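Analysis of the macromolecular model
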Amino acid sequence: MLENKLYRSYFLFVLGILAVGMSCSKFLISISVIGLGLGSVFIMAQKSFEWKQLKGFGLLLIVLYAMHLLWLLNSENIAYAFNDFRRKLPLLVLPIAFMVHRPLVKKHLNTILQLFAATSIVCATILLVRWFGFDYKNKDFRSFSEFISHIRFSICLVITTLILINNSIRTKKYVVNSILFIPVLFSLIVMQSLSGFFLLSAIIPLFLFWKKWIPKKIVIAYFASAPLLLIAAVTYHFQAKDSVPTHLPSHTALGIPYEHFPDNTLCENNHRVYLYLAVDEMNEAWNERTGTLATDKLPSGYMYVDAMIRYLTSKNLPKDAEGIAALTDKDIENIKKGYTNHRQGKISAIEKRWNALRFELDSYQNGYDIAGHSITMRLEYFDVAYACFKENKWFGVGTGDVKASIAAEHQSREILPEMYQKRAHNQLLTYLMTFGIVGFIIILYIVIIYAFGISTLDPLGKSIITLLFFSLFWEDVMETQAGVTAFAFFYAFLFASPSNDNTSRYTASIPSTIFIWLKSLALSKADSDNA
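Note that the structure is predicted; figures quoted are calculated from it, not measured.

Moving on: the overall build of the protein chain. Along the protein chain, the regular secondary structure elements total 21 helices and two strands. Among the 531 residues that make up the protein chain, the fraction classed as buried is 51%. For the protein chain, the share of sequence-separated contacts (at least 6 apart) that also reach a separation of at least 24 residues comes to 74%. Counting only carbon and sulfur atoms, one obtains 64% of the accessible surface of the protein chain, whose full area is about 25,200 Å².

To continue, consider a negative patch on the surface. Together, E259, D280, E284 and E288 line one region of the surface with negative charge. Within the fold, E288 resides in helix α11 (residues 279–290).

This part is about the nonpolar core. If you look at the biggest cluster of nonpolar residues, it comprises 108 residues, and the most contacted ones within it are L36, F153, I159, F489 and F490. The contact partners of F153, leaving out residues within four places of it in the chain, are S23, S120, C123, A124, L127, S145, I148 and M191. Judged by nonpolar contacts, the second largest core, of 22 residues, contains L298, A321, L327 and I332.

Below, the discussion takes up helix α2 (residues 26–44). Taking 1.5 Å of rise per residue, 19 residues should cover 27 Å, and α2 covers 27 Å from first to last C-alpha, within 8% of that figure. Buried within α2 we find I29, S32, V33, G35, L36, G37, G39, S40, I43 and M44. Capping the start of α2 is the job of one residue whose side-chain oxygen sits 3.3 Å from the backbone nitrogen of F27: S25.

The next thing to look at is the side chain of S314. Within the secondary structure, S314 sits in helix α12 (residues 304–314). Overall, the relative accessible area of 3% leaves S314 in the buried class. At 2.6 Å, the side chain of S314 forms a polar contact with the backbone oxygen of Y311. If near-sequence neighbours (up to four positions away) are discounted, S314 is found in contact with E268, N269, H271, T340, N341 and H342.

Quick look at empty space enclosed by the protein now. Tallied over the entire structure, the rule returns four cavities of 30 Å³ or more. If you add up the space inside the largest cavity, you get close to 100 Å³. Contributing to the lining of the largest cavity are M22, I148, R152, I155, C156, I159, L468, V477, A482, G483, A486 and F487. Mapped onto the lining of the largest cavity, the elements with two or more residues apiece are α7 (150–171) and α20 (481–495). Here the residues of the lining of the largest cavity sort into ten nonpolar, one polar and one charged. Approximately 70 Å³ is the volume found for the second largest cavity.

Three or four residues apart is the spacing at which side chains of an α-helix point the same way, because the helix has 3.6 residues per turn. The terminal C-alpha atoms of α20 lie 21 Å apart, and with 15 residues this matches the ideal 21 Å at 1.5 Å per residue to within 8%. In terms of burial, α20 is a largely internal element, 14 of the 15 residues being buried.

Contact geometry for α11 and helix α14 (residues 329–336): axes closest at 12 Å, N-to-C directions at 105°. By the angle between their directions, the pair α11 and α14 is classed as roughly perpendicular. Residue-level inspection shows W286, R289 and T290 of α11 in contact with α14, the latter providing D329, I332, I335 and K336. When grouped by side-chain class, the residues that make up the contact of α11 with α14 number three nonpolar, one polar and three charged.

This part is about unusual backbone geometry. Residues other than glycine seldom take positive phi values, yet K212 does so here, at roughly 65°. Assignment of secondary structure puts K212 in the loop between α9 (194–210) and α10 (216–239). The exposure class of K212 is exposed, given its relative accessible area of 76%. Although it is not a glycine, H425 sits at a positive phi angle of roughly 60°. With respect to the element layout, H425 can be found in the loop between α17 (402–413) and α18 (427–453).

Turning next to the confidence of the model for the protein chain. Overall, the predicted model of the protein chain reaches an average pLDDT of 83, with 87% of residues at or above 70. At the low end of the mean pLDDT range in the protein chain sits helix α21 (residues 513–530), at 49; at the high end sits helix α13 (residues 321–326), at 94.

A word on the environment of V384. Tracing the sequence through the fold places V384 in helix α16 (residues 374–391). Expressed as a C-alpha distance, the spacing of V384 and R423, which sit 39 residues apart in the sequence, is 8.1 Å. Once residues lying within four places of it in the same chain are set aside, the contact partners of V384 are I406, E409, H410 and R413.

Moving on, we come to the state of the cysteines. This structure, assessed with the given rule, holds zero disulfides. C123 provides the cysteine sulfur closest to C24, a residue in no disulfide bond, and the two sulfurs are 4.6 Å apart.

What follows covers the environment of L54. Its location among the elements puts L54 in the loop between α2 and α3 (58–70). Along the sequence, L54 and I96 sit 42 residues apart, while their C-alpha atoms lie 6.9 Å from each other. The residues touching L54, leaving out its near neighbours within four places in the chain, are M44, F49, L59, I96, M99 and V100.

Further remarks concern a nonpolar patch on the surface. Nonpolar side chains collect at one region of the surface, where V175, I179, I182 and F186 lie side by side and expose about 390 Å² of accessible area between them. Counting through the fold element by element, F186 comes out in helix α8 (residues 174–190).

In contact at an axis separation of 10 Å, α7 and helix α19 (residues 459–471) are set at 160° when each is read in the N-to-C sense. It follows that α7 is roughly antiparallel to α19 by the angle criterion. The two elements α7 and α19 meet at a crossing, and its hand is right-handed. Contact residues: α7 offers I155, V158, I159, L162, I163 and N166, while α19 offers L460, S463, I464, L467, L468 and S471. For the contact of α7 with α19, the residue count by class is nine nonpolar, three polar and no charged.

So, how was this worked out
Residues numbered from 1 in each chain as written. Predicted model: local features only at pLDDT ≥ 70, side-chain atom pairs only at ≥ 80, totals over all residues. Heavy atoms only, no water. Helix = DSSP H or I, 4+ residues; strand = E, 2+ residues; numbered from the N terminus. Buried < 20%, exposed > 50% of the residue type's maximum accessible area, 1.4 Å probe, protein only. Contact = heavy atoms within 4.5 Å. Areas by Shrake-Rupley, 256 points an atom, 1.4 Å probe, with all protein chains shown as cover. Patch = residues over 30% accessible without salt bridge, like charges linked within 9 Å, V, L, I, M, F, W, Y side chains within 5 Å. Salt bridge = Lys/Arg side-chain N within 4 Å of Asp/Glu carboxyl O. Lys, Arg positive; Asp, Glu negative; His and termini not counted. Charge placed at Lys NZ, Arg CZ, Asp CG, Glu CD. Core = buried A, V, L, I, M, F, W, Y, C linked by side-chain atoms within 4.5 Å. Expected span 1.5 Å × (residues − 1). Polar contact = N/O pair within 3.5 Å; in protein donor to acceptor, adjacent residues only side chain to side chain. 1 Å grid on protein atoms, 1.4 Å probe; cavity = no way out; pocket = protein on both sides within 12 Å on 5 of 7 lines; lining within 4 Å. Points joined across faces, edges and corners; volume = space filled by probe spheres on them. Nonpolar A, V, L, I, M, F, W, Y, C, P; charged D, E, K, R; others polar. Axes fitted to C-alpha atoms, helices over the stretch in contact; angles between N-to-C directions. Parallel < 35°, antiparallel > 145°, perpendicular 65-115°, else oblique. pLDDT = per-residue confidence, 0-100. Disulfide = S-S within 2.5 Å. Left-handed = near helix turned anticlockwise from the far one by under 90°.

Below you can see the structure in the form of structure tokens.
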């Protein structure tokens, strides 16, 4: 009895570490998973342990881990496979840990979720403090997440949003939870997280429907209209561009011939980039005005001339000496900073990301280099992974040969430089490539079982599980330590609890979370002393 009481305190403490670590620390994730694994082994080694406790939905995650072991037989790179086993150990450890401690999980489920949300909010606040302190102003938005990748941190922030909304509904503390939501929202904006806003827009209506706050008809209408809005946005993107004038001037005011490429649709602010080009004249005028060479490199690696052409286009100026003369001193300063649009320093991060996305699509349509363009590179990643699958349709490339197969396919195409040669960025496609048709059928079976099992969860649990499933289509969630841990944690965590009496489990507020957690530890310790 004393050992059980002590281990309850130990288990709760380690779960708290894991809840904190998922948003901010790979080290905390590692030590907590190891701690849960060792603790579970200790409990199962007791004579009083009943092996029938190892049952339920958590077994499906263990099957998934076992598949990685089994498909080792289909691999050549054993060293990579064993490293993959280590990285995906949470698929084995976390389900077992929750299955052998179900009563404790049910009692403290709310506290752990609130602790996770509190940590995410703190990390979001740190990001914003550093952003407003100008630490990140000249950095790539992908580097804004201080502790884990920006995509996985976005997922953490979306889950935190669901917890905050649920807290608001249950406790009626709308002002407090709205204030806590501010750093979450602005962090998503600063990181320009398209995936985060997509997940938010998809999951919040479902959550409110499951909470019976909005009727089914509205949800159906919302999701039915989403494809129409997408089509409208794409149509606007292509229709809003300037048409090519019937008569294009042949020479600049200085008598230098213009180059025009009317078939090229690349635009800035809807103005055509590859019209009115007199690059040599433009470069000479730039050199005279600024004292720097147009071919000098910017910190981004591009030359001044690259930024100049797009910047002049954004102001609807010709790319010649006349265009350079029309620039203000502020414009010159902006180009030296690497700005490619005269509105770049004035627009929000969301509009900036939207403009970047439009430029990516234009570049892709016109056959330009897609390196560094996150959306269009994904199309290449999908195609590379699918090509690997087609060469190994039935049993896949195996657990150990995923990285090598992807690298070989990239190298054979010579489309992306080595630094951008990455895997599928779609977990289901990665599984199809790894396990082939045979293994993917097992994966689909696991997904279907979970789909049926989701009805046993309350609205918050349903929403988190659905959110994690949506994320599989946009990222290799299970191929990184942070991603696989979050996935295994929430699936094992939520499905390990009984389906009854779920509505009262998420009602505590975040400000009181740490106090509740420490109080729970103290009470467990007191029980141990009295035993």
